[in-house]
Structure formats: structure tokens, C-alpha cells
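Here is how the chains run, residue by residue.
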Amino acid sequence: MEEKNIKISNGVNKELPKSYNPQDFEDKIYEMWEKSGYFNPDICVRDGVCAKNAKAFTIVLPPPNITDKLHLGHSSMLAIEDLLIRYHRMKGDRALWVPGTDHAAIATQNVVERKILKEEGKTRHDLGKEKFLKKVWDFVGVTQATILKQTRKMGASLDWSRQAFTLDEPRKAAVRKMFVDMYKEGVIYQGERIVNWCPRCHSTLADDEVEYKEQKAKLYTFKYSSDFPITIATTRPETKLGDTAVAVNPKDDRYKKYVGKIFEINFAGIPLKIKIIADRNVDMKFGTGALGVTPAHSMVDWQMAEKNKLPVIKVINEDGKIHDGFGEYSGKDVLTARKMVVKKLEENGLLEKEEEIENNLSVCYRCGTAIEPLPSKQWFIAVDKKIKRLNNKSLKEKAIEAAKKGKIKFIPERFTKKYLDWMENLHDWCISRQIWFGHEIPVWYKEKEIYVGEKAPEGIGWYQDPDTLDTWFSSGMWTFSTLGWPDNFQKGKKAGDLADYHPTQVLETGYEILTLWVSRMVMMSEFALGEIPFENVYLHGMVLDEHGKKMSKSKGNGIDPIEVIDKFGTDAVRLALLIGNTPGNDTRIFEEKIAGYRNFANKLWNISRYIITNYELRITNYKFDFKDLTLFDKWILFQMRNLIMATRDDLENYRFSQAGERLREFTWGDLADWYLEVCKFEKNSSKGQILSVILNDLLKLWHPFMPFVTETIWQEMENKKLLLIEKYPELDGYKEILAKTNNGDFYPEMLLIQKIITAIRNARSENKVEPAKKIKTVVYSKIEEYKKLIKDHEIMIRGLKTGISELEIKVKGEKIAGAIYAVVGDIEIYLIGAVDKEKEKERIKKEIANLEKVISATENKLKNKEFVSKAPKEIVKKEKEKLASWQEALEKLKEQMK
RNA sequence: GGACGGCUAGCUCAGUUGGUUAGAGCGCUGCGUUCACAUCGCAGAGGUCACAGGUUCGAGUCCUGUGCCGUCCACCA
């Protein structure tokens, strides 16, 4: 067939290249999409791509931290979300995907702090707040630009006209409004709490910023004083200067009699009032079973103190030294003070035991300094407070209810439990942070006055709260702050984007922030709008390296998305991330895997190239009026219809990997290896049109997975419209065709032909017959229909690498000696004149052994009366049929061995 | 300490409600370059589904227990 010149989309006449080179097309294609405006659903409505009243399908992109460029985990997130968005856009939904980035307060501040320390040898305090923040904003500008570029590289069809940043002006206004509303409602309050304090960095740390270091420590067992009845144990005697209670387990008979009593004692020279309290969290078996309660310097003790209304005595100050008012200890650092206290105890004969134990020391993840838990004034969100606007339910209750009632579904389902466990144990949420970069707290002070409002108060002498808000406060508002809240929410009514796109349909994010982020979003949305933020939460796993290790810069095992995109193409990277893993599970990725999908993209390219060059005239002719349909035509259309059905079902149920594998199997197996090969030998008037239909729908099905190569091919096919906004394949046309073929009654015939071809190839290969050698082939069959079937498909059978020189079809003849033998059910095949007797014998023996094994297993099954009586009739019938056909084949093979 | 996940071919992983001889990709073995593709084609080898019980006519799949690996949470005074 002569090679034709194909018009490429840019108008230049040229031949399609032999292999697909992503770099030649990807950027151009993305530009086309972006310029078209169809990433924006409003433009789609305007141009009739989707109906005005079409269902909305909204995803807000989990905003990547601007601390660094994107890694493969982000790529995975983008691939999944883009798949969903493209699928729904093609289905005709008003698909909106909102882009943005996260200021990631603490993380960003730390990165910049480290950077200036390294580059200029300065701390943030050296620079001062204003200069330091300028440095941060410079940094943000750079990384943000990189992130946005990378996101486009992934092919993400985000609506850039709605781009947001968690710390831009609209979001700042939203945060202020939220804070003030919550404050007015009494949900936000100021209170004291133990925070993780790093005495070196002079800052609080979030719980997840604390690291634990295994170490050996000394556990001291002692009495406060000789007149105190209970012995306690501690690794930190110096903090005991601030003890206000001793806690024991309420079931502990040793101490029951003391519970409720107060002892006034002198501990190492300092007078203390100690109350004996009962708390079921005290482990009777650890140490002496009694715990000295130091409310100011232990999270757990603080909680006990609150419950029991105990006084709080601060022992250690912000520099990690003993506070004033502790006599000789004041001003000493904790280690010195510890030695002094222990010495005192020894002198007074109060120290009973000193032993080495293993324990976990909390240290600052930045500098490794031991953390001091200290009480400090912070802002909180009350999660248990009943709120009027929530029908007297608390934020916690609303968030739990949403999951329990199934308003919010989790994928995979097991994360529902994790979400609920976390929610049920949630304490008030501390939202203030002692850092500079972040949302300012809309609170002003003037001597003893306090003002909370969206704008600074009038008058002189007011100063703003120096703290900033936890980054999750603003990202918790992400689903609605990006859709125009609060402007779009007046008098309790949604308007604009908020009315059109909220609640969103899917929140797709990593399972590691289920608790940190997802839970907060639910509470914030319930408070602000009285509705859930999203209907489904799809959780993906982590992207790990080949050996299952986390990718990290320090280990140097990370794969840079841009590098692999340059090497293998975006589509290949996307497929490698989408296929071969399941929701909520981690996935390993390495270059060989990506290379495999690069090969696949090329395969699809070549399939298309073949169809386009050979059937060019009919390629855009998408019509289901075929004049004549052969067995294989019916089969491929049947397979295609099943594929469309299954893919839709898979995508609706978030089985992306399965959908991808199925598509791959059809494309490479059914279409390339069988149907296209058939087309080379079987000519009929419908072929071009069938191929046109198949390729059209196949490209559409693949588009959400591999947007670039599919769009490129689509454009090569001289389509005026973008594949991006094509309608997703429907079943209508296929249904008609199928009705005409009695819903697939041709299927067994098709399988028979396939089996005959495979059997011949196999027999030749095992006998080491050179592929080029043509052999006379004789086929026996008692069944008249089969004979006709084979006769009708002779050209095709001969064409498909069976190396037949002459094909003879007989009813039944004598066994042909010295020939290669194969059997397919009733059909016997002899390949004459190329037998390798030893190999042939071996092969038949192997097949006999194989058959005998399955036959005996099946016979036993059918002998079992209970199986026959209790199993469904269908299953039993199937087993019987199988057995019969195996037995027939076995007999024939045995005949050959004689 | 608590919760969750994994354990299926040499490697990476699928396996939807229990029911053909348990699948795929990569890798491996043999053969193959004439007209879509060597980023390819054809054929093949390779698994007692971690282990032990149980339910069932029937278990990779459901239940109980054990082991190993991993993750998250809580952290011991």
C-alpha cells in the first residue's frame, strides 16, 4: 500500500514519524487547550460544550506547599484529578478544577530561615520582621512560578482563571471574616495550653514537628519529703518543683486511702501543696504506680490539672532555665538544676532508687534541642461547643455526623474509621503560631482592652496580636474561599461560583493529611456554610522508590517529575502513576516502569498511524452503518462496546488502574495483535469505517489517561474540534450492531479460529520450524459447520503467521504419521513434513499430562454428590462440558502416541 | 501500647459480590527484520496465593489465630 502524506494540525504536510516523540507535541498541545478556554466550565457552557444546567463536577486542587518544586507525589495527584476532570468534562458535566498553592506557614518560614542562615549567616531576628518577610515573599515568587510551570507540564486541565493562593488578598479577607465570625459565636477563644517549645529556636512547634529520639535516661525513685506517704518516679526531678498533685490509679488499693487528701510539704527546700488525685490513665505497674503531676511542663499532667482544677506552677522559662522564685535553683539551666535536686534528695535520704531506662526524648526537628513543654497563651477553636447556627451541635458532632450518615464517602472505605477515630478524640484546636509568615490574627490590644474585627480599630495605642494562624486554618477553608466566600454568601444564601460549584464532588488527596486537613475542611465548611465541603474523599498513597523507600533529597533516591517527563513523556509518567496501584495504597515507581508506558504510547501512536495511512478517507467518518460484517468485525465491535461499558463503570467507581489495564489489553491485544493483523488479510467494504469508529472511541477512552498523545493523534486526523471537549463514547451505535448479531453468538466461533491459529503457531514453534518455512496443513473435523467456518476464514488463518502452504479440510481421515499434531476440541490439525520426532513426542506427552491432571480433578468434583446437588446448575453444567471437551482432546492425543 | 495496611511468578503489582487449568507488565528462554511499530512480533518457562485452623459442595477471596514487613497515632511518668 502506498504511503500517503498526512496533514499535520499546524498545516504542514508531512509524514507521520515512525515513533512518537512527546517533546515535539506536548507544549504545543497544552497551549492549544489553554488558549481554547475550555478548562473553564463557563466557557464550555457559553460554547455549548456542556449544557447550562449540566451537573457540576468540582475538584479543588489540594494546594501544593510553596516550599519546594513538585515531586512525583504531586504528579500522581495531578494525574488522578486530571483523569477525573477530563472524564467528567467529556461526559458533559460542568467540570471545574480550581488551582492554587499553599503558603505553608511554618514550613516555608523554616525553609527561608535555613536559607538565609546558610547564605548570609543571619537569623530572622537579625533581619527583623519586615526584611525577613520580604525575603519570604521573594522566595514564594520563585517556587510558585516553578510549581505552576510543572503543573502545566503534567497536562493538568485546571481552570487557571480561578487560580488562588492561601495567602492572597481574597483569602486574607476570608480568613479574617471567618475568625471574627467564630469569635463572635464563641467558637474561638483565648486560653492557656502546653505547647512544644524549643528554647534554642525560641518558637513553638506543631506536634508533627517534634521528633523523638531513643535515649538512655535515669529514672529516679524518691519521696518529696520524709513525711509524704507515697513514693514517685521521674526522669526529670527538677520539674517536680512545680508539682501540685500526685496521681494514682483509682483501682490501686495501695493508695486508695489517700485520694482527695492534700499534703503540705517541703521538697528540696521549696514548699509544695500536693493533692492526691485518681486518674485511670495512670499505669499501676510503671514505677511506683504513682505519678507526680507537673501541670506546667507536661501535656498529660496539664490535662489532669484541668480536670481536677489544680493550680499551675511554672518552673522553667522560655530560655530553658528555672524561673525566679525557686531560691538557689532560679536561673540555673535544667540539667544543673536536676543535679542539684538529686543531690538534695540524696542528702536527705529520700532517693530510693536510680536506674537506667530507655525513653523517648522529644527534640526539635530543626536543631535537635530537647523540647520544653511550656504553658502559653494561645487562640483555640472549641470543637465541642454547641453552636446555635448548627442547631446546637458542635463542630465535632457535625463532622462526625457527615461521615456517619454517609454524606461524605471515603475511598477506600476503611478511612472512614480512621477519620471517625480521629474526630472522636479531637481536642480543641490551637490555631495560633508564634511565627511571622502567615495570616495575621485580626485581634488588637490596647492595655487591657481587646478588639476583634476584620479591620484595625480606630484610635491610637492599639497593637495587633503578633502571632499568625495555623496554616490549616486557611487551607481548611479552601473549598469555599476559592469559590468567592464570603462575598458569594450573603444572608445565608449562596451565589455565583459558590452556588454553582459547592459542595464539591471529590476531594482527592494523600491519606497522610486525612486528619490534618480533611477533618478541618469539614468543620470549617459546616460552620461557614452549614454544608459539607465535598461528597467524596479519594485518598491516594505515597509514591515510593523501587525498594519501597520514601523518596527524599537527602537519600538521593528521588525522581524529578520533569526529568522523567523529558525522557519518557508526560503520558508515560501519568500511566505509570495511574496503573498498577489501588486507592489508599503506596506505589513504587522507577524508570523501567515509565519506559514501559512510553512504549505503550508509541504503540498507540503506531496503531493510529497504520489506520490513518491506510484508511485515511474514512477516518473521520463516525457512522454505524456497516454494509457487511465479518466474524472479526463483529467481535471487535463487541469488545469495544464491552470496553466502553466497563471503563465507564470503573471510572465511576474510582478503579482507575483497572480501567487502564483493561484499555491497554484491548488496545495492544485485541486491536493491535488480532484485529489489525486480520485487517491485513481480510478485505471488505466496512473495514475503514469500523476502524474509524474504533479509533475514534478508543482515543476518547484513553484521553483522560493520556491527554497528549491522544490529542496529538486526534489533531493529525484533521479534527477541527479538540479531543478535550469531545463527547465520551456512548453505547447506542454498538447496541444496534449487537442486536443484529444476536448479542454476540459469534463469540465461540471467533474463539475457535483464534485457538486454531494459536495451536498451529505453538506446534510449529515447539518443533523448531523456521517461521519462513511453509507447510502443508490438513484439518479434520466431524462437524460440518466448523469445516465451513475454517474454509471461510482460510485466507485469514493463512495470513496470521501460521506458515501454511496448502490447507486441506476433511471430515475425518486416517492418522497421518510423521506429522506435527495439534488438537482444538473436535478439530484435529496435522502439519506435514517438518516434524522433529523427539520434540513432538515430548510436547504431546506434556499436553497429555496436563490434561490428565485437570480431568481427574474435575472428575472428582463431579463424583462429589454434594457438589452436584448443592452447586448452582450452571456451574455443574459448565464443569461437565469442560470435562467432555478435555476427554475428547485427551483421547486424540493418546491416539497419536500409539 | 493502640489502630490500619501488606505478604500472590525472579521483580513491581492486579484479582469487584467465594465458582473455567490464579492474571498482567517488566525480566528470563527460544525463534523472527518485506510494506504501523525492534519503544516490535510469535512461542515458552515460571506460583503448594506467608503459616495454622475453621465455615462451605467449593476459599487467593469469608471467619479465628500466628509470624514477618510497613505506616499512622499515643507516648510512660
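Everything here concerns the structure above.
All values reported here derive from a predicted model rather than from experimental measurement.

Participant: Lay out the nonpolar core in plain terms, naming residues and giving numbers.
Facilitator: One finds Phe 632 and Phe 705 to be the most contacted residues of the largest nonpolar core, which totals 150 residues. The element that contributes the greatest number of residues to this core is helix α20 (residues 656-679), accounting for 11 residues. When near neighbours in sequence (up to four residues on either side) are disregarded, Phe 632 contacts Trp 674, Tyr 675, Val 678, Glu 682, Met 750, Ile 753 and Met 796. In terms of nonpolar packing, the next biggest core, distinct from the first, is built from 64 residues, Met 178, Val 187, Val 383 and Met 477 among them.

Participant: How would you explain the environment of Gly 580 if you had to name every residue and give the values?
Facilitator: Inspection of the secondary structure puts Gly 580 in the loop between α17 (570-578) and β29 (587-588). In this structure the C-alpha to C-alpha distance between Gly 580 and Ile 316, which are 264 residues apart in sequence, comes to 54 Å. Filtering out sequence-adjacent residues up to four positions away, Gly 580 remains in contact with Thr 587, Ser 657 and Glu 661.

Participant: Break down a positive patch on the surface for me, with residues and values.
Facilitator: There is a patch of like positive charges on the surface, built from Lys 549, Lys 550, Lys 555 and Arg 588. When you line up the elements, Lys 550 lands in the loop between β28 (543-544) and α16 (561-568).

Participant: With reference to specific residues and values, describe the protein's contact with RNA strand B.
Facilitator: Taken together, the neighbourhood of RNA strand B is formed by 58 residues, with Phe 286, Asn 606, Trp 668, Lys 801 and Lys 870 sitting nearest. Between a sugar or linking oxygen of RNA strand B and a side-chain N or O atom of Asn 606, the distance comes to 2.5 Å. Lys 680 has a polar side-chain atom sitting 3.1 Å from a base nitrogen of RNA strand B. The dominant element in the surface near RNA strand B, judged by the number of residues it contributes, is helix α18 (residues 591-614), at 9 residues. Classifying every residue of the surface near RNA strand B gives 18 nonpolar, 16 polar and 24 charged.

Participant: Give a detailed account of helix α4 (residues 105-120), specifying residues and quantitative values.
Facilitator: Across its 16 residues, α4 extends 22 Å between first and last C-alpha, which sits within 8% of the 22 Å expected from 1.5 Å per residue. For α4, the complete set of buried residues consists of Ala 105, Ile 106, Thr 108, Gln 109, Asn 110, Val 112, Glu 113 and Ile 116. Tucked inside the fold, the buried residues of α4 contact α5 (124-127), α6 (129-153), β19 (432-433) and α12 (471-475). Among the residues trailing α4, Gly 121 stands out with phi positive, at a value near 65°.

Thresholds, definitions, all that
Residues numbered from 1 in each chain as written. Chains lettered and ligands numbered in written order. Predicted model: local features only at pLDDT ≥ 70, side-chain atom pairs only at ≥ 80, totals over all residues. Heavy atoms only, no water. Core = buried A, V, L, I, M, F, W, Y, C linked by side-chain atoms within 4.5 Å. Buried < 20%, exposed > 50% of the residue type's maximum accessible area, 1.4 Å probe, protein only. Helix = DSSP H or I, 4+ residues; strand = E, 2+ residues; numbered from the N terminus. Contact = heavy atoms within 4.5 Å. Patch = residues over 30% accessible without salt bridge, like charges linked within 9 Å, V, L, I, M, F, W, Y side chains within 5 Å. Areas by Shrake-Rupley, 256 points an atom, 1.4 Å probe, with all protein chains shown as cover. Salt bridge = Lys/Arg side-chain N within 4 Å of Asp/Glu carboxyl O. Lys, Arg positive; Asp, Glu negative; His and termini not counted. Charge placed at Lys NZ, Arg CZ, Asp CG, Glu CD. Near = heavy atom within 4 Å. Polar contact = N/O pair within 3.5 Å; in protein donor to acceptor, adjacent residues only side chain to side chain. Nonpolar A, V, L, I, M, F, W, Y, C, P; charged D, E, K, R; others polar. Expected span 1.5 Å × (residues − 1).

The values reported here are purely geometric and, on their own, carry no functional implication.
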